[in-house]
Amino acid sequence: MNIFSLIRIAWKALQRNKLRAFLTMLGIIIGVAAVIAMVAIGQGSKKSIQDQLSSMGSNMITIRPNSNVTAGARLDATSVQTLTIDDVKALQKQAQYINAVSPAASTRGQVINGALNWPTSMQGVSPQFLDIRKWTLKDGIAFTDADVNTAAKVCLLGQTVVNNIFASGENPVGKIIRFNKIPFTIIGVLNAKGENAFGQDQDDIILAPYSTIQKRILATIYFQNIYVSASNENTTQPALAEISNILRTTHRLKPADEDDFAVRTQEELINTFSSTSQLLTVLLTAIAGISLIVGGIGIMNIMYVSVTERTREIGLRMSIGARGIDILFQFLIEAILISITGGLIGVALGITASRLVTIFLSWPTLVSQSSIILSFFVCAITGVFFGYYPAQKASRLDPIDALRYE
Amino acid sequence: MGTETVRALKGVSFDVNAGEFLTIMGSSGSGKTTLLNILGCLDKPTDGDYLLDGVNISGLSRNELARLRNNKIGFVFQSYNLLPRTSALENVELPLLYNSGISSKERKEKAVKALEAVKLAERMDHKPNELSGGQQQRVAIARALVNEPVMILADEATGNLDSKTSYEIMALMQELNQQQGKTIVFVTHEPDIAAFSSRTIRLRDGKILKDTVNETKKSAKEVLAAIPVADDY
C-alpha cells in the first residue's frame, strides 16, 4: 500500500462529504487566518515602534576615553586623552557594522549676540553627527566636510540658545555671534528636541565643525567622545566588538593591556524595544496556540464522529484486505488533508485580512514569511496530533463487529 | 459479562473443492455466521485448522489475514456495503487499491472487466444511489471478482432482494461458477436459493447436520424465464 494510494483514498473519502470537510476546516481556517493577521498587525506595530526608537537614536554607540591604570592613581575619564582623528578614520575605513562616525570635542563658554549673552556648550562634530543623533534642521543648512577641512567658523544653534540670544521673531540664520570672543556665522537652526531622559535640555547647544573647536578654541588634537551609529539595532552588539578591536589596534594595545577607551550603547532604549517586542511575541504566540488547539479539537471531534459513522465502511475495507495500518493512515491523512487545506485557505484569508486592516483602519501590518511557514507546520502537526486518536480507534476495530455495525 | 465459553461450532469438518458452488444453510444460531467469519479469514478458529488454498490461517497475524482476504477471498454481503457517493467503477477498484502490486492503469482495466462480467459496464459511472438493489449487488459481486480470488464468499447475498432479482443474482452466480470456474460459498437460509447450488451443507447447533450433493440442481436462468412477465404498473 503506497502513500499515493492512501492519499487518493483519503482525498476521495473527503470528497464524499465536502460540506462537512469544509466545516471541519473552518476551525483551522479561522485559527490560521487569526494567527497570520494578528502576527501581521503585531509585526507592523513592532516595526513602527522600532522606527520610532531608531529615530530616537537607539542604535547610537558612544566611545569615550577611559582611565588607564599604568600610572598607579586612576585619572578622571575626562582628563584622559586617547581619542584622535586617526581613530575616527580607522573606524570609517574598517568597521562593517556601522554606517556613520562623528568625533566630538566640546567646550563651555559664553555666547554673545549684541547685548544678549548666554552660557552654553559648543560641540565640535562632523557633518554625520546629525544623522547619528537623528537631529534635524528647522532652518538653514548643515555644515559640510569642506567646512571641517577649512576649520570654518560656522555653527548650528539649538532652540534654547536661539531663544536666549535672539529676540522672538528674529531669524538667526546668517547672523554672526561670538563664542569665547571668536565670531561664528550661524548657518542653521536645529529643531527643538526637549529634555532627554535625565532632564537635560538637549536644545541648549551649539554645533560647529570639530576642527574649528580643536584648532581655534581648545588647541588640542584629542576628542572627548566619538559617536557611532550601528547599521541597525541588531548589529549594535557586533559593532561593539568591532569598534573595540579597531581601537585596540590603532592605540597599539598589547593583549594584556586594558582598554584605554569605553564603548557604551543606548541600552535603555534597546531594552525598552526588546521588552515591547517580547511582550507582543508572547501574546501572539498564546493567541496562535489557543486558536489552533480549538481548531484541532474541532478536527478530532469530527474525526471521531466520522469514524463511528463510517464503521461499516471500515469493516468493508478490512474485509477486502485493508490492514489496520492502512485504515490508520487513511484517517490520519484525512485529518492532515483537512488541516493542511484549512491551513492554506487560512493563510490566504489571513493575508487578505491584514491587507484589509491596512486599507480600512490604516494600521501598519507586516505579513512575515516565518509566521506563514510556522502556522502551516503547526497545522500539519495539529492534524497528526488530533487525527491520531480517532484514526487509531478506527484501525483497531474488529472487522466482524464493524461489518455488522448498525 | 459472560465467562462461559460458547462453542458456536463443534467438530465441523469439510472440504470445498475448486469450482464448487456450495451453499451453507442453517437457522439462526446454528453457527453459520461463525463459520462464514472463519472461511472469510475475518476470525480464526480457537481450535482446529482452516486451510485456504493450502495456507493454514491459524498461525497468521492480523495483517497477514488482511492480505489473504485481499488476494484470495471475494466477499458479497447482504447489504451490498458499497461506498456511498462513489461510482460503481471506483467501488470495484477498491480491493485493488489495497494491493500494492497493481498500477492504476491495470486497476481500471481489471475493474472494467469485472463490471463487464456482471453486465454493468454501461453503468460504471453511476453512484450506488442511482442503481437498483440488484444492480448494486452486481457491483458488489464485481468488487468480489476483481482481485481474482480463489473463493467468493456470499453472506445472504440475496436477502435484501425480491425473488425475481434474487434469481437474476443466482443466475449470475451460476454463470460465474460454470463458465469461469469460480468457487462460490453461499450462506443462506432460503431453501429455494440453495437449490441452485451443486452442494449444500446444513448446520444445526454448530454441527453439520447434512452434507448433500445437489443432484437436481436448478438453473436460475430457466427459473427466471419461467416467471410470467408481470404487467407494468
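Caption draft 1: Broad picture of the overall build of chain B. Along its length, chain B carries eight helices and eight strands. Looking at chain B residue by residue over its 233 residues, the buried ones come to 43%. The contacts of chain B with a sequence gap of at least 6 include a subset with a gap of at least 24, amounting to 70%.

Caption draft 2: The overall build of chain A, seen in detail. A tally of helices and strands in chain A yields 13 helices and ten strands. Among the 406 residues that make up chain A, the fraction classed as buried is 40%. Put simply, of all contacts in chain A between residues at least 6 apart along the chain, 82% involve residues at least 24 apart.

Caption draft 3: Quick peek at the nonpolar core. Among the nonpolar cores identified, the biggest contains 117 residues, and Ile 36 of chain A together with Val 92, Leu 115 and Ala 142 of chain B are the most heavily contacted of them. Looking at this core element by element, the count peaks at 14 residues for helix α2 (residues 18-55) of chain A. Beyond its immediate stretch of four places on either side in the chain, Val 92 of chain B contacts Ala 111, Ala 114, Leu 115, Val 139, Ala 142, Arg 143 and Val 146 of chain B. Within the second largest apolar cluster, 48 residues are counted, among which are Met 122, Ile 205, Ala 208 and Ile 226 of chain A.

Caption draft 4: How the structure looks around unusual backbone geometry. The residue Ser 362 of chain A is not glycine, and still its phi comes out positive at about 45 degrees. For Asp 53 of chain B, which is not a glycine, the phi torsion comes out positive at approximately 50 degrees. Structurally, the position occupied by Asp 53 of chain B is in the loop between β2 (51-52) and β3 (55-56).

Caption draft 5: Seen up close, the interface of chain A and chain B. Of the residues lining the interface, 19 residues belong to chain A; the matching set on chain B comes to 23 residues. If you list the elements that add at least two residues to the side of chain A that touches chain B, you get α1 (3-15), α10 (311-319), α11 (324-361) and α13 (399-403) of chain A. Ranked by residues supplied to the side of chain A that touches chain B, first place goes to α10 of chain A with five residues. Among the residues forming the side of chain A that touches chain B, the class breakdown is eight nonpolar, five polar and six charged.

Caption draft 6: Fine view of the pairing of strand β1 (residues 60-65) of chain A. All names here are of chain A. Sheet analysis places β1 next to strand β9 (residues 225-230), joined by four bridges and oriented antiparallel. In the strand pairing of β9, Ile 61 is matched with Val 228. Looking at chain direction, β1 and strand β10 (residues 261-265) are connected through five bridges and run antiparallel. Looking across to β10, one finds that Ile 61 is bridged to Thr 265.

Caption draft 7: Representation of helix α12 (residues 369-395) of chain A in the model. Between the first and last C-alpha of α12 of chain A there are 37 Å, a value that for 27 residues agrees with the 39 Å anticipated at 1.5 Å per step. Roughly 40 degrees is the biggest bend found in α12 of chain A, and it falls at Tyr 388 of chain A, with proline Pro 390 of chain A one to four residues downstream.

Caption draft 8: Geometry of helix α3 (residues 85-94) of chain A. All names here are of chain A. Considered for burial, the residues of α3 that qualify are Asp 87, Val 88 and Leu 91. Buried residues along α3 cover an arc of 100 degrees about the axis, so they all sit on one side. In this structure, α3 carries Asp 86 and Lys 93 as exposed residues pointing more than 90 degrees from its buried face. Next to the buried residues of α3 lie β2 (98-113), β9 and α8 (236-250).

Caption draft 9: Structural detail: the pairing of β2 of chain A. Residue and element names in this part refer to chain A. Pairing geometry for β2 and β9, over six bridges, is antiparallel. Bridge pairing links Ile 98 to Ala 230 in β9. One ladder, built from nine bridges, connects β2 with strand β3 (residues 116-125); its direction is antiparallel. Of the residues in β3, the one forming a bridge with Ala 105 is Gly 124. Note that β2 and strand β6 (residues 176-179) share two bridges and pair antiparallel. Opposite Val 111, over in β6, you have Phe 179 as the bridge partner.

Caption draft 10: Highlighting the sheet that holds strand β8 (residues 207-213) of chain B. All names here are of chain B. The six strands lie next to each other as β4-β5-β6-β1-β7-β8, forming an open sheet whose pairing is mixed. Across the chains shown, the open sheet's two edge strands, defined by having one partner strand only, are β4 (73-76) and β8. Between one strand axis and the next, the sheet turns through 20 degrees on average, direction left out of account. In this structure, strand β5 (residues 151-155) lies alongside strand β6 (residues 184-188), joined through four bridges in parallel fashion. Across the sheet, Leu 153 pairs through a bridge with Val 185, a residue of β6.

Caption draft 11: Region of interest: the packing of α3 of chain A against α8 of chain A. All names here are of chain A. In the contact formed by α3 and α8, the axes pass within 10 Å of each other and the chain directions differ by 135 degrees. In this view, α3 runs oblique relative to α8, as classed from their interaxial angle. Taken as a pair, α3 and α8 cross one another with a handedness that is right-handed. Contact with α3, carried on its side by Asp 86, Asp 87, Ala 90, Leu 91 and Gln 94, involves Ile 243, Ile 246, Leu 247 and Thr 250 of α8 and no other residues of that element. Its residues assigned to classes, the contact of α3 with α8 shows five nonpolar, two polar and two charged.

Caption draft 12: Main features of the confidence of the model for chain B. Residue and element names in this part refer to chain B. Residues of chain B with pLDDT of at least 70 account for 97%, and the chain-wide mean is 88. Across chain B, element-level confidence peaks in helix α5 (residues 133-145) with a mean pLDDT of 93 and bottoms out in helix α8 (residues 220-226) with 85. The complex model carries a pTM of 0.68, and its ipTM stands at 0.90.

Caption draft 13: Region of the structure containing the environment of Arg 310 of chain A. Within the secondary structure, Arg 310 of chain A is located in the loop between α9 (267-309) and α10. Sequence-wise, Arg 310 of chain A and Ala 402 of chain A are 92 residues apart; in three dimensions their C-alpha atoms are separated by 9.0 Å.

About the cut-offs
Residues numbered from 1 in each chain as written. Chains lettered and ligands numbered in written order. Predicted model: local features only at pLDDT ≥ 70, side-chain atom pairs only at ≥ 80, totals over all residues. Helix = DSSP H or I, 4+ residues; strand = E, 2+ residues; numbered from the N terminus. Buried ≥ 20, exposed ≤ 12 C-beta atoms within 10 Å, placed from the backbone. Contact = placed C-beta atoms within 7 Å. Core = buried A, V, L, I, M, F, W, Y, C linked by C-beta atoms within 7 Å. Nonpolar A, V, L, I, M, F, W, Y, C, P; charged D, E, K, R; others polar. Pairing = 2+ DSSP bridges. Expected span 1.5 Å × (residues − 1). Bend = angle between axes of the 7 residues up to and from the residue. Arc of directions from axis to C-beta. Axes fitted to C-alpha atoms, helices over the stretch in contact; angles between N-to-C directions. Parallel < 35°, antiparallel > 145°, perpendicular 65-115°, else oblique. Left-handed = near helix turned anticlockwise from the far one by under 90°. pLDDT = per-residue confidence, 0-100.

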